[in-house]
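# Notes for the structure review
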Amino acid sequence: MLVERHSFNLLDQEWVPVVEGGHPRCLSLMDVLVRAHEIDGLSTSNPLETVAVLRQVLLPVYLDACGIPNSEAEWEHRWEVGQVDLSRLKPYLDEHRVRFDLFGDRPFGQAAGLRTAKDEDKPSSLLVAATATGNNVPLFTSRNEANPPSMTPAEAARAMLAVQCWDTAAIKSGAADDPQVKGGKTTGNPTGPCGGLGIVVPIGRNLFETLLLNSPIVRQPPREDRPQWRRELAMTGAWETRSALGLLDLLTWQSRRIRLIPERDAGGGTVVRRVVLTAGDRLQLIPRDVEPHTAWRRVDKPRAGQASHMPMRHSPGRDAWRGLTPMLATVPGTEPAYSSSILLTQLGDVEVGDLPLQVLTVGVAYGNQSAVVEDILADMIPLPLAALGASEVRHLVEAVVEQAEELRRAGNRLDDDLRRAAGGDPVPWDKGLRPGDALMHELNRVVRRLLAGLQREPERREEAEDAWRRSAYVLALKAAEPALAAVPPTAFLGREEDDKQARKQKKAYRASLAEAWYEGAVRKILGVEPAHASEWKAQR
């Protein structure tokens, strides 16, 4: 029987979404790396795929071909050159060309011949968290398992990489040649390795700068470290729990075994409508000294077998700037509860001139025992380079983040006090939109403008601080107005409750007192003098 052959080589075919000259387009892997200094950057329209393409392909290809920088001097030399070393890149890609064919004898990122004991396959929607598969049928979707999407090879390649990074922890089908399968299934699967991280990606002015900004300096790379396409043996359905051999192994970690099943569509083109997906390798521990893309928090009392530091994850519903404190913990000993990512810490030691650094943050919020994706978290903010060192700019940025959070809490206390004054009970912290939470949306644009200004002119720190205090004060008072205007007449008379801080005493709650407490708290948080407060209040 003649087997139909399909081919889609990632080196030559267009599949990497980029932005060039301000316009989105797709390019081949070869073109992306050769012309990286001419390309604005990767498209961030699908942030999970953006991170996956960078970590699983672009970065490890660049580092394996050109070598991992082993000193600040070498890193800075590459920065000055400003483009990929083609004398090393092109021979490397030519040597490994056959390994980058998505449907070759050793298909890229896949286990050739992967099958289950019953030769079952799944719809291609299994590769995309937002589409229907099994019992997961999102609202307003027009598709189900009987009508899976037809993916182009480019779409299937990106989706496959995203699965390796972010897949859910649901039960997986068992591979026929996996000795650890029980009842045709594999349980206990963790999420993809990026699922437990709050990914932080430094972004430069062009794609080459982004590649180098994401290249950690490794002074003595392990000799056995290599990306998945340079493994001597082809992948099978068997998997193991082990440590990462080094940076390249970690970046191209195969957390799942996958086989894409190509077929012809009505027009004769290649599409992917069915896949086989089974369990893959499990990381024993996320290596803090190797993982480049996350900040860390200290575990004060780790349990037996638990690491002393855990990755920081992004919080749903919070803008990226609200998580800046861990990112700025780049100076040893200044923030013992946190430590920044390897890449941001490194930026304090290398010379990059007046780089207008941007930071892309990406994460996933899982639900139901990490078996479903509830939310995809993505944001991009400007980050002043001066804030990555022990500087006044850093102290200001940290103070702004802390003050904004205190203002949020003060606004929510105002809501609690007004409800008590009206004879009701405070709303639970996770229910409803309260004044403090609404204030954070207004402060968002102010903080982003402040970060961008400090990035351009860090010497104007004092002016930036004054502008922040004034804007935050005015917006904080404005955020309270709807709550104050909505109180019923009974709130002006108020009521008394037992004072939880002083036994056998009563505390009066009235609308006027709540407003006065709030204004006093805002002034104290921002350090606003009464004279300035009166002036700003009159001018708003």
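Placed above this text is the structure.
Structure report, in brief. Only a predicted model underlies this, so the values are computations on that prediction, with no experimental measurement involved.

### Some details on empty space enclosed by the protein
- If you walk through the whole model with that rule in mind, you get 1 cavity of 30 Å³ or more.
- By volume, the largest cavity is sized at about 130 Å³.
- Looking at the largest cavity, it is lined by 15 residues, and the ones nearest its centre are R106, P107, Q110, Q228 and M235.
- Looking at the lining of the largest cavity residue by residue, the class counts come to 8 nonpolar, 3 polar and 4 charged.

### Considering the layout of surface pockets
- By volume, the second largest pocket amounts to about 550 Å³.
- The greatest single-element share of the lining of the second largest pocket, amounting to 4 residues, is contributed by strand β16 (residues 372–382).
- Counted by class, the lining of the second largest pocket contains 12 nonpolar, 8 polar and 7 charged residues.

### With respect to the sheet that holds strand β12 (residues 296–298)
- Ordered by their spatial adjacency, 3 strands build an open sheet running β13-β12-β14, and the pairing between neighbours is antiparallel. In the strand order of this sheet, the two ends are held by β13 (309–311) and β14 (338–339), each with one partner.
- When β12 meets β13, the two strands line up antiparallel, connected through 3 bridges. From the neighbouring strand, R298 faces β13, where its bridge partner is H309.

### A word on the packing of helix α10 (residues 392–421) against helix α14 (residues 511–526)
- For the pair α10 and α14, interaxial distance at closest approach is 9 Å and the crossing angle is 175°. Classed by the angle they form, the pair α10 and α14 counts as roughly antiparallel. For the pair α10 and α14, contact is made by Q403, E406, L407, A410, G411, R413, L414, D417, L418 and A421 and by A511, A514, E515, W517, Y518, A521, V522, I525 and L526, respectively.
- Taken together, the residues of the contact of α10 with α14 sort by class into 13 nonpolar, 2 polar and 4 charged.

### Observations regarding helix α3 (residues 72–81)
- Within α3 the residues assigned to the buried category are W75, R78 and W79. The buried residues of α3 occupy one face: seen down the axis, they fall within an arc of 105°. Seen from the open side of α3, the exposed residues pointing more than 90 degrees away from its buried face are A73 and E80.
- Residues of α3 that are buried make contact with α2 (47–66), α6 (207–213) and α9 (342–346).
- Within two residues after α3, G82 carries a phi angle of roughly 85°, on the positive side.

### Here's the deal with the sheet that holds β16
- Ordered in space as β7-β15-β16, the 3 strands form an open sheet in which the pairing is antiparallel. In this open sheet, the two edge strands, each paired with only one partner strand, are β7 (199–203) and β16. Within this sheet the neighbouring strands show an average axis-to-axis angle of 15°, counted without direction.

### Some remarks on the nonpolar core
- W15, V61, W166, L260 and W468 are the most contacted members of the largest nonpolar core, which totals 134 residues.
- If sequence neighbours within four positions are ignored, W468 has contacts with V400, Q403, A404, L443, V446, V447, L450 and L526.
- Formed by 6 residues, the second largest nonpolar core is a distinct cluster that contains A111, L114, A175 and V276.

Criteria and thresholds
Residues numbered from 1 in each chain as written. Predicted model: local features only at pLDDT ≥ 70, side-chain atom pairs only at ≥ 80, totals over all residues. Heavy atoms only, no water. 1 Å grid on protein atoms, 1.4 Å probe; cavity = no way out; pocket = protein on both sides within 12 Å on 5 of 7 lines; lining within 4 Å. Points joined across faces, edges and corners; volume = space filled by probe spheres on them. Nonpolar A, V, L, I, M, F, W, Y, C, P; charged D, E, K, R; others polar. Helix = DSSP H or I, 4+ residues; strand = E, 2+ residues; numbered from the N terminus. Pairing = 2+ DSSP bridges. Axes fitted to C-alpha atoms, helices over the stretch in contact; angles between N-to-C directions. Parallel < 35°, antiparallel > 145°, perpendicular 65-115°, else oblique. Contact = heavy atoms within 4.5 Å. Buried < 20%, exposed > 50% of the residue type's maximum accessible area, 1.4 Å probe, protein only. Arc of directions from axis to C-beta. Core = buried A, V, L, I, M, F, W, Y, C linked by side-chain atoms within 4.5 Å.

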